[in-house]
Amino acid sequence: MKFDKAYVLDFAQALLMIDSPSGYTMQAGAMVEAEAKRLGYECFFNPKGNLCIKVKGENEHETLALSAHIDTLGLMVRSIKSDGKLAVTKIGGPQMPTLDGEYCRILTREGRIYTGTILSTAPAAHVHPDAASAPRDEDHMEVRIDEVVTCKKDVERLGIQNGDFIAIDPKVVICESGYIKSRFLDDKISASAIMGVLHALSKTNTKPKRNLFIMFSTYEEVGHGSAWLPDDIHELLAVDMGCIGLDLACSEQDVSICAKDSGGPYDYEMTSRLITLAKADNIRHVIDIYPRYSSDVTAAYHGGNNIRGALIGPGVHASHGMERTHYDGVEATMKLLMAYITTY
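Quick caveat, the model's predicted, so the values are computed rather than measured. (Residues numbered from 1 in each chain as written. Predicted model: local features only at pLDDT ≥ 70, side-chain atom pairs only at ≥ 80, totals over all residues. Heavy atoms only, no water.)

(A) Quick look at the sheet that holds strand β8 (residues 141-145). Pairing within the closed barrel is antiparallel, and its 6 strands lie in the order β4-β5-β8-β7-β6-β9. Looking at each pair of strands side by side, their axes are set apart by 40° on average, direction ignored. One ladder, built from 5 bridges, connects strand β7 (residues 113-120) with β8; its direction is antiparallel. Counted as the bridge partner of T117 is R144 from β8. (Pairing = 2+ DSSP bridges. Helix = DSSP H or I, 4+ residues; strand = E, 2+ residues; numbered from the N terminus. Axes fitted to C-alpha atoms, helices over the stretch in contact; angles between N-to-C directions.)

Dropping the structure here:
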């Protein structure tokens, strides 16, 4: 089955541009919901804020769950400093050194948005002797607000307070070479792959073998994205980024099939099915082990769900930093996902 490349890339760019650090995903969820409804699918939000989509299959008595997450890494205002800058705390695990010099947005509880820059507390080479060597961590980085503020009260008058979210500029670029570079490809590029599959199903009037219950989770980066699943779910296939580096086989042009991560092995039968399909359909794929990784399947296990789980996703370089993938890897992921849902 062919996929609409322009559709997938346009959707990905639009989703990547929406600020959605874990706990502040309302706009991203609304955008995905609107598109899923436009394609004719039934949607609802669960109490946690996860977007759930139902797709009817040929066998309406069994349901396969798919997941991707639309929450991202971010920061939060920890405190307002006496000079008007903001101390920060991490949401998820961003690589703090990569945030030095990045633009950001402060999202207030009253709906105001202010821009700023994330900087080291020793940012000036002409002033600070440790400008190059100072640690880049939560205690040594801060946000400089793009407003005339010189003290804590000035900042409070703007409506900024402790606990406000700070979203990091994703810097989305789609290259003619097929590369897609942006922060938060983990996991918005996988969410876009799922939407590409839903778009293809809709346009070709194709039904999956089983009903699909698709969850776009909103707290994956902090560990409990898909902790709840409906009781009739026995299988969950998570679509999340593949890792690149060290002794891993994955590249940006592959779909990764994860055999094991920090939570242990994925389900043997599901993983074997995915490998067999990828080989049979000549889908560019690799099998890898990710020791510093967990997924929505991990959260579902920890939530007490009695399920089998597997994990696939496009290869993403420099995870939790300035990430990059290639459309070939996204397409390979869509091909494998389509093969699985129309075969099993």
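(B) Seen up close, the pattern of salt bridges. A full pass over the atoms with the stated rule returns 22 salt bridges. Here D139 ties to R78 by a salt bridge, and the two come within 3.3 Å at their closest N and O atoms. Here the residue D139 occupies a position in the loop between β7 and β8, and R78 occupies one in strand β4 (residues 74-80), the gap between them amounting to 61 residues. In this structure D139 comes out as exposed when scored by relative accessible area, which is 54%. (Salt bridge = Lys/Arg side-chain N within 4 Å of Asp/Glu carboxyl O. Buried < 20%, exposed > 50% of the residue type's maximum accessible area, 1.4 Å probe, protein only.)

(C) Just the pairing of strand β12 (residues 210-217), in detail. A large share of β12 lies buried, amounting to 8 of its 8 residues. Where strand β2 (residues 51-55) meets β12, 5 bridges bridge the pair, whose relative direction is antiparallel. Counted as the bridge partner of V55 is L212 from β12. With 8 bridges connecting them, strand β3 (residues 59-69) and β12 associate as parallel partners. Looking at the pairing, A65 lines up with F213 of β12.

(D) Region of interest: the sheet that holds strand β19 (residues 323-326). One open sheet accounts for 3 strands, arranged β10-β11-β19; its pairing is antiparallel. With partners counted over all chains shown, the strands left at the sheet margins are β10 (173-174) and β19, one partner each. By the bridge criterion, 4 bridges tie strand β11 (residues 179-182) to β19 in an arrangement that is antiparallel. Its bridge partner being in β19, I180 is matched across the sheet by T325.

(E) The pairing of strand β18 (residues 308-316), seen in detail. Taking burial as the measure, the 9 residues of β18 include 8 buried ones, the bulk of the element. Note: strand β13 (residues 235-239) against β18, 5 bridges, orientation parallel. Looking at β18, one finds that L236 is bridged to G309. Two strands pair when backbone bridges link them, and strand β14 (residues 242-243) and β18 are joined in this way by 2 bridges, in the parallel orientation. Residue pairing in the sheet places G242 in a bridge with G315 of β18. Alignment of strand β15 (residues 255-261) against β18, held across 4 bridges, turns out to be antiparallel. If you follow I257 over to β18, its bridge partner there is I312.

(F) Structural detail: the nonpolar core. Of all hydrophobic cores here, the largest spans 81 residues; its most connected members are I53, L198 and F216. Counting residues in hydrophobic clusters, the runner-up holds 22 residues, among them M96, M141, V149 and I166. (Core = buried A, V, L, I, M, F, W, Y, C linked by side-chain atoms within 4.5 Å.)

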